[in-house]
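Residue-level structure breakdown
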Amino acid sequence: SLYWMATTIVPNMGSDGKPFQYISIRTDITERMRAQLELQRNQALLIEAQRLGQLGSWELNLVSGELRWSDEIYRIFELDPARFQPSYENFLNAIHPDDRDRVNRAYTQSLADRQTYDIEHRLKMADGRIKWVREHCSSDFDASGKPLRSVGAVQDITRQKLTEDRLRESAVAFETHEAILITDADANIIRVNQAFQDITGYQAEEVLG
């Protein structure tokens, strides 16, 4: 079987400045290394899960002001970790200008009320594209009620928002005064609007299918 050892070698020096003896200390660290490797595997799985779910995590130390982002948040915000220094102020600057005050007020109020924070808002990319994200977090407080730390998550919901917009537009268009019918790939009618029924005299149940 394989095992891990930590080895420390210390020389004893003679009066001539040369080593005349070496003392070797070896410690079995197999269990520690197994735990470390398991932690690394779990961290890799978490990173992959966040990437697939487009869900990033963050932690804000309210005492020191230090903000830590996971790799996925950098991808969502399309920022380079080597060039961008995460801070609450820089986070606000990355938000769509029209949403910044609303997001800041919501988070500040969550600290004042000691409640969870949950909001949807836009991001404006460097090339002008708009993204939608959902953020939620909870905060820790000391015995006197002073906020110490906030931890939360950011999820990219742009695709969901675009789908909702298309469905909303379709619903509005479906209520037009012009007759509309929708069929499946085999030309079977699966939906008609009220104008179709008014104009043709056929009720939906008479034509569906």
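Higher on the page you've got the structure.
Definitions and limits used
- Residues numbered from 1 in each chain as written.
- Predicted model: local features only at pLDDT ≥ 70, side-chain atom pairs only at ≥ 80, totals over all residues.
- Heavy atoms only, no water.
- Pairing = 2+ DSSP bridges.
- Helix = DSSP H or I, 4+ residues; strand = E, 2+ residues; numbered from the N terminus.
- Axes fitted to C-alpha atoms, helices over the stretch in contact; angles between N-to-C directions.
- Core = buried A, V, L, I, M, F, W, Y, C linked by side-chain atoms within 4.5 Å.
- Buried < 20%, exposed > 50% of the residue type's maximum accessible area, 1.4 Å probe, protein only.
- Contact = heavy atoms within 4.5 Å.
- 1 Å grid on protein atoms, 1.4 Å probe; cavity = no way out; pocket = protein on both sides within 12 Å on 5 of 7 lines; lining within 4 Å.
- Points joined across faces, edges and corners; volume = space filled by probe spheres on them.
- Nonpolar A, V, L, I, M, F, W, Y, C, P; charged D, E, K, R; others polar.
- Salt bridge = Lys/Arg side-chain N within 4 Å of Asp/Glu carboxyl O.

Right, let's get into the pairing of strand S1 (residues 5-13). Alignment of S1 against strand S2 (residues 19-28), held across 9 bridges, turns out to be antiparallel. Bridge pairing in S2 places Met13 opposite Pro19. Between the end of S1 and the start of S2, which pair antiparallel, lie 5 residues, with Gly17 showing a positive phi angle near 85 degrees.

Backbone hydrogen bonds are what pair the strands of a sheet, in a parallel or an antiparallel way. Taking strand neighbours across the sheet as the criterion, the 5 strands line up as S4-S3-S7-S6-S5 in an open arrangement whose pairing is antiparallel. What marks the edges here is a single partner per strand, and that holds for strand S4 (67-69) and strand S5 (117-124). The mean inter-strand angle of the sheet, taken between neighbouring strand axes irrespective of direction, is 25 degrees. Pairing of strand S6 (residues 130-141) with strand S7 (residues 147-156) involves 9 bridges; the strand directions are antiparallel. Counted as the bridge partner of Asp140 is Arg149 from S7.

Another point: the nonpolar core. Formed by 24 residues in total, the largest nonpolar core has its most connected members in Trp58, Trp69, Phe77, Phe91, Val103, Leu123 and Val154. Of all the secondary-structure elements, those providing two or more residues to this core are strand S3 (55-61), S4, helix H2 (71-77), helix H3 (88-94), helix H4 (100-113), S5 and S6. In terms of residues, this core owes the most to one element, H2, which gives 4 residues. Not counting chain neighbours up to four residues away, the residues in contact with Trp58 comprise Leu67, Arg68, Trp69, Ile73, Glu135, Cys137, Ser150, Val151, Gly152, Ala153 and Val154. Listed in part, the 5 residues of the second largest apolar core include Ile189, Val192, Ala204 and Val207.

Here we come to the pairing of S6. Of the two faces of S6, the one holding Lys131, Val133, Glu135, Cys137, Ser139 and Phe141 is buried and the one holding Ile130, Trp132, Arg134, His136, Ser138 and Asp140 is not buried anywhere. Judged from the 8 bridges that link them, S5 and S6 form a sheet pairing that is antiparallel. Looking at S6, one finds that His121 is bridged to Val133. As consecutive antiparallel partners, S5 and S6 are separated by 5 residues, and within that stretch Gly128 has a phi angle of approximately 95 degrees, a positive value. Connecting the antiparallel pair S6 and S7 is a turn made up of 5 residues, with Gly145 showing a positive phi of about 95 degrees.

Counted as a void, the second largest pocket has a volume near 150 Å³. Lining the second largest pocket, in full, are Phe77, Glu78, Leu79, Phe84, Asn90, Asn93, Ala94, Leu123, Lys124, Met125 and Ala126. When residues of the lining of the second largest pocket are traced back to their parent elements, those giving at least two are H3 and S5. A total of 3 residues in the lining of the second largest pocket trace back to one element, the largest contributor, which is H3. Split into classes, the residues belonging to the lining of the second largest pocket amount to 7 nonpolar, 2 polar and 2 charged.

Now for the pattern of salt bridges. All chains considered together, the criterion is met by 14 salt bridges. With a shortest N-O distance of 2.8 Å, Arg75 and Glu72 are connected by a salt bridge. With a gap of 3 residues between them, Arg75 and Glu72 both fall in helix H2, about one helical turn apart. The class for Glu72 is buried, based on a relative accessible area of 5%. Here the salt bridges share partners, and the residues they tie into one network are Glu59, Arg68, Asp140 and Arg149.

This part is about the environment of Phe196. Looking at where Phe196 falls in the secondary structure, it is placed in helix H6 (residues 194-200). On the basis of relative accessibility, which here comes to 9%, the residue Phe196 falls in the buried class. Put simply, Phe196 and Gln160 are 36 residues apart on the chain and 30 Å apart in space, counted from C-alpha to C-alpha. Once you skip the residues sitting within four places of it in the chain, Phe196 turns out to touch Ala179, Ile180, Leu181, Gly201 and Val207.

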